[in-house]
Structure formats: structure tokens, C-alpha cells
Amino acid sequence: MPDRRKRYLEQLRRTSRSCTLRLAERALDAWGFVAGRAKGHTRAWNHEEITLTLHKPHGKHLDPGAVALIIKKIEQADLRQRANRRRREKPETPTNAG
């Protein structure tokens, strides 16, 4: 799974000027974002406390600024997942026992 997530992120970075909505949605899904409410031409994506509102493109490809924002949100989710993983792996230390 991590290889698939990294592959999608690299693909987004490479195709920032010609990224399709489908590729962006696959990448968000691979990184654990959950598709939320859709209204008109927008869809909300959530990952813990990180929210992204994605607008459908007017043409075939997403705007480069939108792709940059998607990459930024994925990187934020990655940092949060790493912190949660470290917190789970860190053994609990008793404080003021006694």
C-alpha cells in the first residue's frame, strides 16, 4: 500500500499541469481521504481534521493550483499519519506512579 500511495503522489507531481480529476480522486482515496458530500460541481474530501473541497474542472484537466493544493493536503495527511504511527509505537510510560 505505501508504494501505491507514493506512486500516486509522484504521479501528481509529474502531471501537475495535466492532471485529471480521476487521478486526483484515486490519489486522495489511496491516502485515506474519504469522499464527503457532493454539491453541484464540488466534492468535499476529509482525512481526520484535514478537509479539501475539490471542484470539477471545466475542461479535461485540473487547474495547476488545485493540483498543488491536493499535493499539500496529501503531505499534511502523511505527516499526521506518521505522527499517529509514532504515538502508537511509543510505549506508554507511567507518570507519578504511586
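Overview of the packing of aromatic side chains
In step 1: Per the stated rule, a full pass over the model turns up 0 aromatic pairs.
In step 2: One Lys or Arg, Arg 5, reaches over the ring of Trp 31 and ends 4.2 Å from the middle of that ring.
In step 3: If you follow Arg 7 out to its NZ or CZ, it ends over the ring of Tyr 8, 5.9 Å from the centre.

Comments concerning the packing of helix H1 (residues 2-14) against helix H3 (residues 64-89)
In step 1: Between H1 and H3, whose axes approach to 10 Å, the crossing angle comes to 155 degrees. Accordingly, the angle class assigned to the pair H1 and H3 is roughly antiparallel. Between H1 and H3 lies a crossing whose hand is left-handed. In this structure, H1 uses Arg 5, Leu 9, Leu 12 and Arg 13 to contact H3, whose residues at the interface are Val 67, Ile 70, Ile 71, Ile 74, Glu 75, Asp 78, Gln 81 and Arg 85.
In step 2: Residue classes in the contact of H1 with H3 are distributed as 6 nonpolar, 1 polar and 5 charged.

Structural notes on the nonpolar core
Burial of nonpolar side chains together is a common tendency in soluble globular proteins.
In step 1: In terms of nonpolar packing, the biggest core is built from 22 residues, with Leu 12, Cys 19, Leu 28, Phe 33, Leu 62, Ile 70 and Ile 74 touching the most fellow members.
In step 2: Put simply, the parts of the chain that give this core at least two residues each are H1, helix H2 (21-30), strand E3 (50-55) and H3.
In step 3: For this core, the element with the highest residue contribution is H2, accounting for 6 residues.
In step 4: Ignoring any residue separated from it by four or fewer positions in sequence, one finds Leu 62 in contact with Cys 19, Thr 20, Leu 21, Ala 24, His 55, Pro 57, Val 67 and Ile 70.

Calculation criteria
Residues numbered from 1 in each chain as written. Predicted model: local features only at pLDDT ≥ 70, side-chain atom pairs only at ≥ 80, totals over all residues. Heavy atoms only, no water. Phe/Tyr/Trp six-rings, centres within 6.5 Å; stacked < 30°, edge-to-face > 60°. Lys NZ or Arg CZ within 6 Å of the ring centre and 35° of its normal. Axes fitted to C-alpha atoms, helices over the stretch in contact; angles between N-to-C directions. Helix = DSSP H or I, 4+ residues; strand = E, 2+ residues; numbered from the N terminus. Parallel < 35°, antiparallel > 145°, perpendicular 65-115°, else oblique. Left-handed = near helix turned anticlockwise from the far one by under 90°. Contact = heavy atoms within 4.5 Å. Nonpolar A, V, L, I, M, F, W, Y, C, P; charged D, E, K, R; others polar. Core = buried A, V, L, I, M, F, W, Y, C linked by side-chain atoms within 4.5 Å. Buried < 20%, exposed > 50% of the residue type's maximum accessible area, 1.4 Å probe, protein only.

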